[in-house]
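# Per-entry structural report
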Amino acid sequence: MLTKLFSKLKDYYPEMVEIRRYLHQHPELSFQEVNTANYIASYYEKLGIQVQTGVGGNGLVAKIHGNHPGKTVALRADFDALPIQDEKDVPYKSTVPGVMHACGHDGHTATLLVLAKAINELKDDLHGTYVMIHQHAEEYAPGGAVSMIEEGCLNGVDAIFGTHLWASEPIGKIQYRTGPIMAAADRFEITIQGKGGHGAQPHKTKDSIVVGAQLVTTLQQIVSRRVNPIDPAVVTIGSFVADNAFNVISDKAKLIGTVRTFNEELRDFISTEIERIVKGTCITADCSYTYEYVKGYPAVVNHKDMTEYFIELAKEIDSVNMVEEAEMQMGGEDFAYYLQHVKGTFFFTGAKPKNGDGTYPHHHPKFDIDEEAMLVAAKALGAAAINFN
Ligand code: MN
């Protein structure tokens, strides 16, 4: 059966490229992906495949029933773009100013659509049900996964598989990992309320910039001095704003940052530690503060048995020449939520461009993928789904 599937996917590869390039030219931001959702819906409608729209927002769920009874397997692809100006010099560059598919979600969508078409053509010989989850809004918390799950996209699903096209790894490589693979990604905001005044009279003020500067350095001691070194964690201050004239002492300073962890206990510990340091520093300087910690996506934690099942299959795929364990990534992914409900695994599919002006990281204005990665991803997801029955 896999041989048949793979040969169909190979035949349909040009269509995958065509879809990906169309989506690449017409990107839409998270929670605004109305035209992309319509495009996906009409693709399924043309094939006569049952598709539910408006699932938890702009999400869609298509179902293909095999002719024989069996288990239900879900595959997920996200379809939102990013607020980045496309700076690539290619015929398929974004036509929307300031919006770009800079993470490969266009490729994820093209992969899943064409895979659905191929599976649909084989359905007379297939067991079980195939649930294609097209998820909106992966890039922006709270994300689309939570609302799609709330609206039942995982109802009756026995297992789920997902992949991310990964531009840092060469084509033909698949990376798996048992347990945590991507981090919990949180955001925090600290406002320091001092007392502004004349730059020449510091003794009559409470300098919020001095307090903020102390915080930037002291917060670095959480990871270096308070967290067990074998437990990965990141505390980053991404923004420090206390804008003023050169001769003014700032009344207020605002710091915004992110925390990345893999373990819930550590996640809560860091959140508490930040506030303890903010509180102590502000007491010392006689300032007040506000502190907000917003939890983003939890860590993506792959199930052991599903990952082991997938590794063996991946090794058998003709266009896969390397199957290796992935490093843990400090980036976040809301695929995490699906794995909290059903067993499954999330893996990386190498998508490094062969030529062009080098490899740019995900979320870069010149980001691109080697489109052949979509064929590899379709084979891997298709094999995982079909062999499950
Ligand atoms: Mn992504």
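In terms of nonpolar packing, the biggest core is built from 68 residues, with L9 and M132 touching the most fellow members. A per-element tally of this core places helix α10 (residues 372–387) first, with 12 residues. Not counting chain neighbours up to four residues away, the residues in contact with M132 comprise Y44, L60, V61, A62, I64, L75, L112, A116 and I119. Residues A74, M148, Y297 and L339 belong to the second largest nonpolar core, which totals 26 residues.

So, on to the pairing of strand β12 (residues 252–261). Consecutive side chains of a regular strand alternate in pointing toward one face of the sheet and then the other. Relative to β12, strand β8 (residues 184–193) runs antiparallel, the two sharing 10 bridges. From the neighbouring strand, I190 faces β12, where its bridge partner is L255. Where strand β10 (residues 233–241) meets β12, eight bridges bridge the pair, whose relative direction is antiparallel. Bridge pairing in β12 places V235 opposite V259.

On to the domain arrangement of the chain. As far as domains go, the chain holds domain 1 (2–182 + 299–387) and domain 2 (184–297). Counting residues at the interface gives 19 residues for domain 1, matched by 10 residues for domain 2. Between domain 1 and domain 2 we count zero salt bridges in total. At the junction of domain 1 and domain 2, the tally comes to three residue pairs in polar contact (both at pLDDT 80 or more). The biggest single contributor to the side of domain 1 that touches domain 2 is strand β7 (residues 179–182), with three residues.

To continue, consider the environment of V17. Among the structural elements, V17 can be located in helix α2 (residues 13–25). For the pair V17 and A110, spaced 93 residues apart in the sequence, the C-alpha separation amounts to 7.4 Å. In this view, V17 contacts E371 and M374; residues no more than four positions away in its chain are not counted.

Moving on, we get to the pattern of salt bridges. Taken as a whole and assessed by the stated rule, the structure comprises 28 salt bridges. The salt bridge partner of D86 is K88, with a shortest N-O separation of 3.1 Å. The pair D86 / K88 is uniform in exposure class, with both members buried. Residue R276 pairs with E273 through a salt bridge whose shortest N-O separation is 3.0 Å. Of this pair, R276 and E273 are both found in helix α7 (residues 264–285), three residues apart, which corresponds to roughly one turn of the helix. The network of salt bridges with common partners includes R20, R21, D106, D368 and E371.

Below, the discussion takes up the coordination of the manganese ion. Bound to the manganese ion are the protein donor atoms C103 (SG), H105 (NE2) and H164 (NE2), situated 2.3 to 2.6 Å from the metal. Each donor residue of the manganese ion lies on one chain, and together they are spaced C-x1-H-x58-H. You can see H105 sitting in helix α4 (residues 105–121) and its partner H164 sitting in strand β5 (residues 159–166), a full 59 residues away along the chain. Here H105 and H164 have matching classes, each one buried.

A few words now on α4. In this model, α4 (17 residues) spans 25 Å end to end at C-alpha, consistent with the 24 Å of a helix rising 1.5 Å per residue. Here α4 lies mainly inside the structure; 16 of its 17 residues are buried.

In this section: the sheet that holds β12. Pairing is antiparallel in the open sheet, where four strands are placed in the order β10-β12-β8-β13. Of all the strands in the sheet, just β10 and β13 (288–297) have a single pairing partner and so form its edges. When strand polarity is set aside, the average angle formed by the axes of neighbouring strands in this sheet is 15 degrees. As paired strands, β8 and β13 are joined by eight bridges and run antiparallel to one another. Counterpart to T191 in the pairing with β13 is T290. The sheet contacts of α7 involve β8, β10, β12 and β13, and relative to β13 the element is tilted by about 165 degrees.

In terms of residue burial, strand β2 (residues 59–65) counts as a mostly covered element, since five of its seven residues are buried. Here strand β1 (residues 50–55) pairs with β2 via four bridges, running antiparallel. Its bridge partner being in β2, Q50 is matched across the sheet by K63. As consecutive antiparallel partners, β1 and β2 are separated by three residues, and within that stretch G56 has a phi angle of approximately 65 degrees, a positive value. Two elements, β2 and strand β4 (residues 127–135), share six bridges in a ladder whose sense is antiparallel. For H65, the partnering residue across the bridge sits in β4 and is T129.

What follows covers helix α3 (residues 34–47). In this model, α3 (14 residues) spans 20 Å end to end at C-alpha, consistent with the 20 Å of a helix rising 1.5 Å per residue. Looking at the buried residues of α3, the elements they touch are α2, β1, β2, α4 and β4. The positive-phi residue at the C-terminal boundary of α3 is G48, with phi of around 75 degrees.

Conventions adopted
Residues numbered from 1 in each chain as written. Predicted model: local features only at pLDDT ≥ 70, side-chain atom pairs only at ≥ 80, totals over all residues. Heavy atoms only, no water. Core = buried A, V, L, I, M, F, W, Y, C linked by side-chain atoms within 4.5 Å. Buried < 20%, exposed > 50% of the residue type's maximum accessible area, 1.4 Å probe, protein only. Helix = DSSP H or I, 4+ residues; strand = E, 2+ residues; numbered from the N terminus. Contact = heavy atoms within 4.5 Å. Pairing = 2+ DSSP bridges. Domains from an automatic or database assignment. Salt bridge = Lys/Arg side-chain N within 4 Å of Asp/Glu carboxyl O. Polar contact = N/O pair within 3.5 Å; in protein donor to acceptor, adjacent residues only side chain to side chain. Donors = N, O, S within 2.8 Å, 3.2 Å for Na, K, Ca; no water. Expected span 1.5 Å × (residues − 1). Axes fitted to C-alpha atoms, helices over the stretch in contact; angles between N-to-C directions.

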